[in-house]
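Close look at the chain arrangement
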Amino acid sequence: MEVKTSLLDNMIGVGDMVLLEPLNEDSFIVNLRNRFDHNEIYTYIGSVVISMNPYRSLPIYTPQKVEEYRNRNFYELSPHIYALADEAYRSLRDQDKDQCILITGESGAGKTEASKLVMSYVAAVCGKGQEVNKVKEQLLQSNPVLEAFGNAKTMRNDNSSRFGKYMDIEFDFKGDPLGGVISNYLLEKSRVCKQPRGERNFHIFYQLLSGASDDTLMKLKLDRDFSKYNYLSLDSANVNGLDDAASFRTVRNAMQIVGFMEAEVQSVLELVAAVLKLGNIEFKPESRVNGFDESRVKDKNDLKEMCELLGIEQSVLERAFSYRTVEAKMEKMSTTLNVAQAYYARDALAKNLYSRLFSWLVTRINESIKAQAKTRHKVMGVLDIYGFEIFEVRDNSFEQFIINYCNEKLQQIFIELTLREEQEEYIREDIEWTNIEYFNNAIICDLIENNQNGILAMLDEECLRPGTVTDDTFLDKLNTICAEHQHFESRLNKNSKFLTDHSLPHSCFRIQHYAGKVLYRVEGFVDKNNDLLYRDLSQAMYKATHSLMRQLFPEGNPAKVNLKRPPTAGFQFKASVGVLMKNLQTKNPNYIRCIKPNDKKVAHIFTDSLVCHQVRYLGLVENVRVRRAGYAFRQPYESCLERYKMLCKKTWPHWRGPARDGVEVLLTDCSVPTEEFAYGRSKIFIRNPRTLFTLEERRRACLEDLATLIQKIYRGWKSRTHFLLLKKSQVVVAAWYRRYAQQNKYQKIKSATLVMQSFIRGWKARNILRQLKYEKRCKEAVTTIAAYWHGTQARMELRRLKTEARNKRAVSVIWAYWQGTKARRELRRLKEEARRKHAVAIIWAYWLGLQVRREYRKFFRANAGKKIYDFTIQRIMQKYFLGLKTTTMSPMDNTWPAKPYGFLEGAHTQLRRIFHLWRCKKYRGQFTEEKKAVYEEKLEASEIFKDKKALYPSSVSQPFKGDYLEIQKNPKYQKLNSAMEEKVLLADLVNKINRANGKGSPRLFLLTKSNFVLADQKTGQVKASVPLPDLASVSVSTQSDGFFALKLKEGSASASKGDFLLSSEHLIEIITKLHRIGTTAADRDQINIDISDEFLVQFKQDKVCVKFIQGGPKNGNSAACKRKNNRLLEVSVPSP
């Protein structure tokens, strides 16, 4: 039987603060410390998880832990963040409820790590598959990129998130992730220009200088020395435990996985380098004739390098730092900037450049990770946002004000959703609902966000007011309007009780938040809310040739000058918080409250005062009181009966009826007062934790009695088993002994019997042997006598036969000798006669020769030498010319017979040249005009593709047909042929590649002298007709595929739908004809042929990179195109 565990088993302290007794702040802190000392960093408040930062690695996040908490009830195991993540994921998957996980806490409390743990758990338990794993990897790898650009080392945290992040992860109906959307809130861009002592700028600056290669740094015009950059603090540039070089490699790899192109990564690094260079620009005053000071750049080297990185004219940016143009209606006025204003403009540009780059990164990541399907998705949101911040006196400024405003809104929605969840459960279980008294912080939210009298509204009004606007005028306005508000305090307001409050400085105001009073220094409120960037700088940035600048500074477009003042920082943040609140209210909330135990960032230290401070401003004790306002504990009837059934004899060991009846019998038998519990539809509700602890104590005692009973029964069973084993062993031993004794006795009798049998058999055998030997000797004697007799008879017959044979042989020999003698005599006679005849013939021949020689001798001396020479020369030339007959008539054949004699060297060379010219003429004479044009195209194809594209050698032997569709003969295409105004030079079937999935659609490709046409294969309807003058270039790969891109000129009428990515089996012929038409036409430019394994294709508004790679055998014999992400199509080409 499966052993079920519970939150109440083996509990260190109290695992659920709802059960804490007594409930007060001290007992709350003591319970947290007790669990923290025993490495229990997670504690529940109902369904809320409190997470303590251990500042060290704990073995509680292993794959075994993931499986342990998978598909388990929330209260079934000890508190863990995995339990909350599993509950949220199962509710989303099984009940189709959108979820959100809100992670709050101050810097260093572990919010970012908590969000990573939630996402890693969801990635581990959801489905598997190539596409699903790719989506999960992209979602997880977005974190390193955002951390590099949005996190920094602070006094409280070495990896502090300086922005708020909300990620919506979208799932399909099976619970598999499809994509996500990230929203960012309030990047702390002031950190770009200035960091408090002991803190660093954003990580990416240090990672770039530490981890980039020397070649990359040279291209970015950077140096590895941190001290050369004014925007980088030097006292904490190196942090223990942070390897900036390794982190940079991780970020580069993560950007590649998410889907950034290499050009985009380079553009981002150029902007980061430009921010560093911008910080090194310094100014000096220069007096003018009118008495005003004007700023000038001291050293223009950094300005020049920055302008080179961004592609800006140096004079344009230098003027923007020295002058400011003010526009009012139709008038323009240019004013000079002094040194202070120039430094303000420089820092404002740096902050805006970096913050807009960060927003672009978030948008770019969203493009890669967004879900592709258009159907409705299930959504799980993860909110990782800064917690309530209370710094030292006078250190709280505008940033802390809006952060605390955001936390006020989160606290408001937290209380509302918690109470709503409680009320819904009470109604669902048919339990009477009692109204819960709690502090409603809506009055504080109204003080800040009211559209007429709110602090943010008055700050915006003050920023827009003409005249002199300072922080003091803003404070005076607050003192006038908010003086009577019970949560607003100021030294100068009408309320006299604060006039003598020396803890409240004159330049500050204090707000009583739900977490306590916070003193805000008004200095910098107006400037930070304005967040102004001079229009001259925006227009200068817009003029840059850098690929991202026009996207980052669209307001700098001179054609779209907007004189309306841009929205303030406070207004934008208020609007984004409003959207966030509406989004959260549509989802089922899950809360993780992060607490840091100490300020030293070390393990095993628990600072009571610091933890108490966080518990107060997180409102955790108030949360427990709200949870306990009705019934402190509730549990399904089945679980309750299973846990406490041993307390009643009627329910132990098995209850046969309904679970609710069993619980009623159990509680009645245990004498629990009726006012301490209530029966719901599916759960038992217990009002006081003491009642639950009483049941637990009785259960623990009962378990001890049951353990004793089990031990007793087990010991009896063990003893009986041992006795029966001994008894069985004794019987077996006795049986084996008796068997052994009988076997020995049997062996002795058997041995004696065998001896007697052997002696008897031996005696009988010897008698038989003697009788057999006697009979054998008698038979041998008879046989010997008969043999001698037969031998005598045979020898006598042999002697008779020999005598007769000798007589017959003597006659034969005599006759043979006589015949031989006669033959030899005849042979001698014939030989003699032949010798005589031969001698006569020889003598006659010699005589005739003598007569001839005597007759010819008188003519030989005059003509013999010349005739022999001519004859010899004639025979040599005849043999030479006959040898030339073996030469072929092919102009491509370079073979020629070797010269046989040295005197023929000149003739041999001339004959070879004349013969080659003659056979070339004969070969050309066979060509028709059509064949001549084909060979000219083949020659042009060789010039374009030879040794450049692997497909070219296989196309050499294939003739160029042109019309592969027989468009003039095929009746199917008769309508299309009649629509063509010019002669069709090429008609072929091609595949048009779809950008969405990389698959091809069949199209008819028709080429004339003035345009090319794409038509539908089935209907013949014209889909696109592009004039050839609009064609800028053609791109192909170097491999053996048939893909090619037809790129259109920007601004042409045909470029509205973007370029064409096609594939064809006759790629060489198509591109050759296109190039040949462009070469012969006088009214248009020659078409460029780009041969590369990676090129860009313009699809409507987006540019997509087409990348060719060598594929394996699994791809088959044809190239396959596949979409990797929104910006990349990958073509896998089979290996040759």
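Numbering of residues begins from 1 in every chain and follows the order in which that chain's sequence is written. In keeping with the model being predicted, local features are shown solely for residues with a pLDDT of at least 70 and side-chain atom pairs are shown and tallied solely at 80 or more, while totals for entire chains, interfaces and linings include all residues. For side-chain calculations, the full set of non-hydrogen atoms in the structure is used, while hydrogens and water are omitted.

**Examining the overall build of the chain**
Scanning the chain from terminus to terminus reveals 30 helices and 31 strands. For the C-alpha atoms alone, the extent of the chain along its principal axes is close to 180 × 130 × 65 Å. All accessible-area figures derive from a Shrake-Rupley calculation using a 1.4 Å probe, and residue coverage is judged against the displayed protein chains alone. Accessible surface, the chain: about 63300 Å² in total, of which carbon and sulfur atoms supply 54%. Residues scored as charged are limited to Lys and Arg (positive) and Asp and Glu (negative), so that His and the chain ends carry no count. Think of each charge as sitting on NZ of Lys, CZ of Arg, CG of Asp or CD of Glu. Treating the 178 positive side-chain charges of the chain as one cloud and the 134 negative ones as another, the clouds have centres 19 Å apart. Numbering of helices and strands starts at the N terminus; helices are DSSP runs of H or I of at least 4 residues and strands are runs of E of at least 2.

**Observations regarding helix α23 (residues 637–644)**
For every residue, the accessible area obtained with a 1.4 Å probe (protein chains only) is divided by the maximum for its type, and the residue is called buried under 20%, exposed over 50%, and partly exposed between those limits. Among all positions in α23, only Tyr637, Cys640, Leu641, Arg643 and Tyr644 are buried. Around the axis of α23, the buried residues are gathered within 165° of arc, so they sit on the same side. The arc refers to the directions leading from the helix axis to the C-beta atoms.

**Regarding the packing of helix α9 (residues 262–279) against helix α12 (residues 339–369)**
Any two packed helices are characterised by how steeply their axes cross, that is the angle between the axes, and by the distance between the axes. Every axis in this analysis is a line fitted to C-alpha atoms, fitted for helices over the stretch in contact. Angles between the N-to-C directions lie between 0 and 180 degrees. Orientation of α9 relative to α12, taken along the N-to-C sense of each, is 160°, at an axis distance of 9 Å. The angle between α9 and α12 places the two elements in the roughly antiparallel class. Every pair of crossing elements has a handedness; the one defined by α9 and α12 is left-handed. Facing Glu264, Val268, Leu271, Val272, Val275, Leu278 and Gly279 of α9, the residues of α12 in contact are Arg346, Leu349, Ala350, Leu353, Leu357, Trp360, Leu361 and Arg364. The residue makeup of the contact of α9 with α12, split by class, is eleven nonpolar, one polar and three charged. Angle categories: roughly parallel below 35 degrees, roughly antiparallel above 145, roughly perpendicular from 65 to 115, and oblique for all the rest. Each crossing gets its hand from how the near helix is turned against the far one by less than a right angle, where anticlockwise is left-handed and clockwise is right-handed. In this analysis, two residues are considered to be in contact whenever any of their non-hydrogen atoms come within 4.5 Å of each other. Amino acid classes used here: Ala, Val, Leu, Ile, Met, Phe, Trp, Tyr, Cys and Pro are nonpolar; Asp, Glu, Lys and Arg are charged; the rest, including Gly, are polar.

**A few points about the sheet that holds strand β29 (residues 1102–1111)**
Paired strands are those between which DSSP finds at least two bridges. Across the sheet, four strands lie side by side as β28-β29-β31-β30; this open sheet has mixed pairing. Both edges of this open sheet fall to β28 (1094–1099) and β30 (1120–1125), since each of them pairs with a single strand only. Shown here is a sheet whose adjacent strand axes are inclined to one another by a mean of 30°, direction ignored. When β30 meets strand β31 (residues 1128–1134), the two strands line up antiparallel, connected through five bridges. If you follow Lys1122 over to β31, its bridge partner there is Glu1130.

**A closer look at the environment of Val1022**
The residue Val1022 is located in strand β23 (residues 1022–1027) in this model. For Val1022, a relative accessible area of 40% gives the class partly exposed. On a C-alpha basis, the gap between Val1022 and Phe1005 in space is 10.0 Å, while along the polypeptide they are 17 residues apart. With residues near it in sequence (within four places) discarded, Val1022 still touches Leu976, Val1013, Leu1014 and Ala1015.

**Comments concerning the pairing of strand β3 (residues 99–104)**
Most of β3 sits out of view: six of its six residues are buried. In terms of strand pairing, β3 meets strand β16 (residues 588–595) through six bridges, oriented parallel. Bridge assignment links Leu102 to a residue of β16, and that residue is Tyr591.

**A look at helix α15 (residues 455–464)**
Along α15, eight of the ten residues are buried, which leaves the element largely enclosed by surrounding structure. What α15 keeps buried is the set Ile455, Leu456, Ala457, Met458, Leu459, Asp460, Glu462 and Cys463.

**A word on the environment of Val522**
The topology assignment puts Val522 in the loop between β15 (516–521) and α17 (525–530). Given a relative accessible area of 1%, Val522 falls into the buried group. Val522 sits 513 residues away from Ser1035 along the chain, and the two C-alpha atoms are 61 Å apart. Setting aside residues up to four positions removed in sequence, Val522 forms contacts with Asp471, Phe474, Leu475 and Ser507.

**Quick notes on a nonpolar patch on the surface**
The grouping of Trp844, Trp847 and Leu848 at the surface amounts to a nonpolar patch, some 350 Å² of accessible area in total. On the basis of relative accessibility, which here comes to 53%, the residue Trp844 falls in the exposed class. Patch definition: residues above 30% relative accessible area lacking any salt bridge, with like charges linked at up to 9 Å and the nonpolar side chains Val, Leu, Ile, Met, Phe, Trp and Tyr linked at up to 5 Å. In the sections that follow, a salt bridge refers to a side-chain nitrogen of Lys or Arg positioned within 4 Å of a carboxyl oxygen of Asp or Glu.

**Some remarks on the pattern of salt bridges**
Counted according to the given criterion, the structure contains 46 salt bridges. Note that Glu826 and Arg829 form a salt bridge whose closest N and O atoms lie 2.4 Å from each other. Residue Glu826 and its partner Arg829 are located together in helix α25 (residues 689–883), separated by three residues, close to a single helical turn. Residue class for Glu826 comes out partly exposed when judged on its relative accessible area of 38%. Residue classification places Arg829 among the partly exposed positions, given a relative accessible area of 44%.

**A few points about the side chain of Lys111**
Inspection of the secondary structure assignment puts Lys111 in helix α4 (residues 111–125). Look at Lys111: it is buried, it has no salt bridge, and the nearest opposite charge is Asp384 at 5.0 Å. Contacts of Lys111, omitting those with residues within four sequence positions, involve Ile103, Thr104, Gly105, Glu106, Asp384, Ile385, Tyr386, Gly387 and Cys594.

**Thoughts on the sheet that holds strand β19 (residues 683–686)**
Spatial ordering of the open sheet is given by β17-β19-β18, a layout of three strands whose pairing is antiparallel. Lying at the two open borders of the sheet, with one neighbouring strand each, are β17 (633–636) and β18 (677–679). Each adjacent strand pair in this sheet contributes to an overall mean axis angle of 20°, direction not counted. Here β17 pairs with β19 via four bridges, running antiparallel. The residue of β19 that forms the bridge with Phe633 is Ile686. Docked against the sheet, helix α24 (residues 659–669) engages β18 and β19, running at close to 155° with respect to β18.

**Some details on the nonpolar core**
The biggest cluster of nonpolar side chains holds 208 residues, and the ones touching the most others in it are Phe28, Phe149, Phe205, Leu317, Phe321, Leu349 and Leu584. Looking at this core element by element, the count peaks at 14 residues for α12. Excluding residues that lie within four positions of it along the chain, Leu317 makes contacts with Leu303, Met306, Cys307, Ile312, Leu349, Leu537, Ala540 and Met541. What is meant by a nonpolar core is a set of buried Ala, Val, Leu, Ile, Met, Phe, Trp, Tyr and Cys residues, joined one to another through side-chain atoms within 4.5 Å. Core analysis: the second largest hydrophobic core is formed by 30 residues, Leu951, Phe960, Phe1044 and Ile1087 among them.

**Structural notes on unusual backbone geometry**
Omega for the peptide link from Glu21 to Pro22 comes to -5°, which places this bond in the cis form. A positive phi is found at Asp947, a non-glycine position, where the angle reads about 65°. Examined against the element boundaries, Asp947 turns out to sit in the loop between α27 (929–945) and α28 (952–955).

**Overview of the side chain of Asp471**
Checked against the element boundaries, Asp471 lands in helix α16 (residues 471–481). Look at Asp471: it is buried, it has no salt bridge, and the nearest opposite charge is Arg521 at 8.5 Å. N or O atoms within 3.5 Å of each other form a polar contact, as long as, within protein, one can give a hydrogen and the other can take it, and as long as residues adjacent in sequence are counted only when both atoms are side-chain atoms. Side-chain polar atoms of Asp471 contact the backbone nitrogen of Gly524, separated by 2.8 Å. Non-local contacts of Asp471, meaning those with residues more than four positions away in its chain, are made with Val522, Glu523, Gly524, Phe525 and Val526.

**With respect to a positive patch on the surface**
On the surface, a cluster of positive charge is made up of Lys921, Lys922, Arg924 and Lys932. No other element matches helix α26 (residues 905–925), which puts three residues into the positive patch. Checked against the element boundaries, Lys921 lands in helix α26.

**Notes on the packing of aromatic side chains**
Two rings from Phe, Tyr or Trp (for Trp, the six-membered ring) form a pair when their centres are within 6.5 Å of each other. A pair whose planes differ by under 30 degrees is stacked, one over 60 is edge-to-face, and the rest are tilted. Applying the stated criterion across every chain, the model contains 26 aromatic pairs. Relative to Phe525, the ring of Phe509 lies with its centre 5.9 Å away and its plane at 75°, an arrangement referred to as edge-to-face. Taken together, the residues span a long stretch of sequence, with Phe509 in strand β14 (residues 508–513) and Phe525 in helix α17 at a distance of 16 residues. Each member of the pair, Phe509 together with Phe525, is buried. Taken together, Phe398, Phe401, Phe474, Phe488, Phe509, Tyr520 and Phe525 form an aromatic cluster joined through their ring pairs. Any Lys NZ or Arg CZ found within 6 Å of a ring centre and within 35 degrees of that ring's normal is scored as a charge over the ring. Arg200 extends its terminal NZ or CZ atom over the ring of Tyr206, reaching a point 4.0 Å from the ring centre.

**A short note on the confidence of the model for the chain**
Across the chain, pLDDT averages 82, with 93% of residues at or above 70. One number per residue, pLDDT, summarises how confident the predictor is, and it ranges from 0 to 100. This stretch, residues 1–5, has a pLDDT under 50; its non-local contacts, to residues over four places away or in other chains, come to four contacts.

**Remarks on the packing of helix α8 (residues 244–258) against α9**
Two elements in contact, α8 and α9, have axes separated by 10 Å at closest approach and are oriented at 135°. Our classification of the angle between α8 and α9 gives oblique. Crossing angle aside, the handedness with which α8 passes α9 is right-handed. Here Phe248, Arg252 and Met255 of α8 lie close against α9, whose contacting residues are Glu262, Val265 and Leu269. Across the contact of α8 with α9, the residue classes break down as four nonpolar, no polar and two charged.

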